[in-house]
Amino acid sequence: MLRIVVCVSGGGTNLQAILDAMESGRITNTEVLAVISNNAGAGALERAKAHGIQGMVISPRQYEHREAFNEAFTEKMCALAPDLIVLAGFLVRIPPRMVHLFADRIINIHPALIPSFCGAGYYGLKVHEKVLERGVKVTGATVHFVNEGMDEGPIISQKAVGVEEGDTPEILQRRVMEQAEWVLLPAAVDDIANGRIAVAEGRVRRLGGS
Ligand code: GRF
């Protein structure tokens, strides 16, 4: 059984996609231990509660300095002792010690085709604003392992989504979520829960053929 903790900051549609996939059997062999948010008002916490999953709030704003937050967040995560940490729209930098302690056991969903439109300042709607500004014809989403960089860890999966005439950032974000994020993230959790993914020399390999 893969025991996961999901970290969220916003509405929680990616968390919901995971919960729906667990209910429908598209994700097996997985248990959500807790949902952690830096935002007490996050809709994602309501979604967790509706599924009887414990929600926790921890934010850098609760601490005098970042190092104290990093230590408290890392200790809380170690106490939960998940097999996998899933960042689902989580907007807080993962403490370096947590990255080290959970090496190759933290995954993130990014709403663009890494290495495009990623790194510092590229999150949420801003990603899609930059995509439209640049005029690219194809965007998408990426699931990757988290390392000490930002959006730089080994890529697990990607899915392309077409940019259409008249797209606004909001319309494009919704299409990328519906057609890519909500498909890729549950599939990645299920692949990891069922031993279909391995990381070697910074590359993700799929095991068992599929
Ligand atoms: C969205 O911008 C999504 O593209 C990105 O995180 C933000 C919030 O997602 N992955 P969620 O609805 O909170 O899962």
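Below is a short write-up of the structure. (Residues numbered from 1 in each chain as written. Predicted model: local features only at pLDDT ≥ 70, side-chain atom pairs only at ≥ 80, totals over all residues. Heavy atoms only, no water.)

Digging into the site of the ligand
In step 1: Surrounding the ligand, one finds 13 residues, the nearest of these being Gly12, Thr13, Asn14, Gln173 and Glu181.
In step 2: Notes on the ligand: free accessible area 360 Å², of which the protein chains cover 90%.
In step 3: The set of elements that each furnish at least two residues to the shell around the ligand consists of helix H1 (13-24) and helix H6 (169-193).
In step 4: In terms of residue count, the dominant contributor to the shell around the ligand is H6 (3 residues).
In step 5: Here the shell around the ligand is built from residues that sort into 4 nonpolar, 8 polar and 1 charged. (Near = heavy atom within 4 Å. Areas by Shrake-Rupley, 256 points an atom, 1.4 Å probe, with all protein chains shown as cover. Helix = DSSP H or I, 4+ residues; strand = E, 2+ residues; numbered from the N terminus. Nonpolar A, V, L, I, M, F, W, Y, C, P; charged D, E, K, R; others polar.)

Details of H6
In step 1: For H6, spanning 25 residues, the distance from its first C-alpha to its last is 33 Å, which sits close to the expected 36 Å at 1.5 Å a residue.
In step 2: Directly after H6, the chain includes Gly195, whose backbone phi takes a positive value near 65 degrees. (Expected span 1.5 Å × (residues − 1).)

Description of the sheet that holds strand E1 (residues 2-8)
In step 1: The 7 strands lie next to each other as E3-E2-E1-E4-E5-E6-E7, forming an open sheet whose pairing is mixed. Edge positions in the open sheet fall to strand E3 (55-57) and strand E7 (155-162), since each of these has one partner strand only. Sheet twist, expressed as the mean angle between neighbouring strand axes with direction ignored, is 20 degrees.
In step 2: Relative to strand E5 (residues 106-110), strand E4 (residues 84-87) runs parallel, the two sharing 3 bridges. Counterpart to Leu87 in the pairing with E5 is Asn108.
In step 3: Lying over the sheet, H1 contacts E1, strand E2 (30-37), E4 and E5, oriented at roughly 165 degrees with respect to E2.
In step 4: Running at roughly 155 degrees to E7, H6 makes contact with E1, E2, E4, E5, strand E6 (138-145) and E7 of the sheet. (Pairing = 2+ DSSP bridges. Axes fitted to C-alpha atoms, helices over the stretch in contact; angles between N-to-C directions. Contact = heavy atoms within 4.5 Å.)

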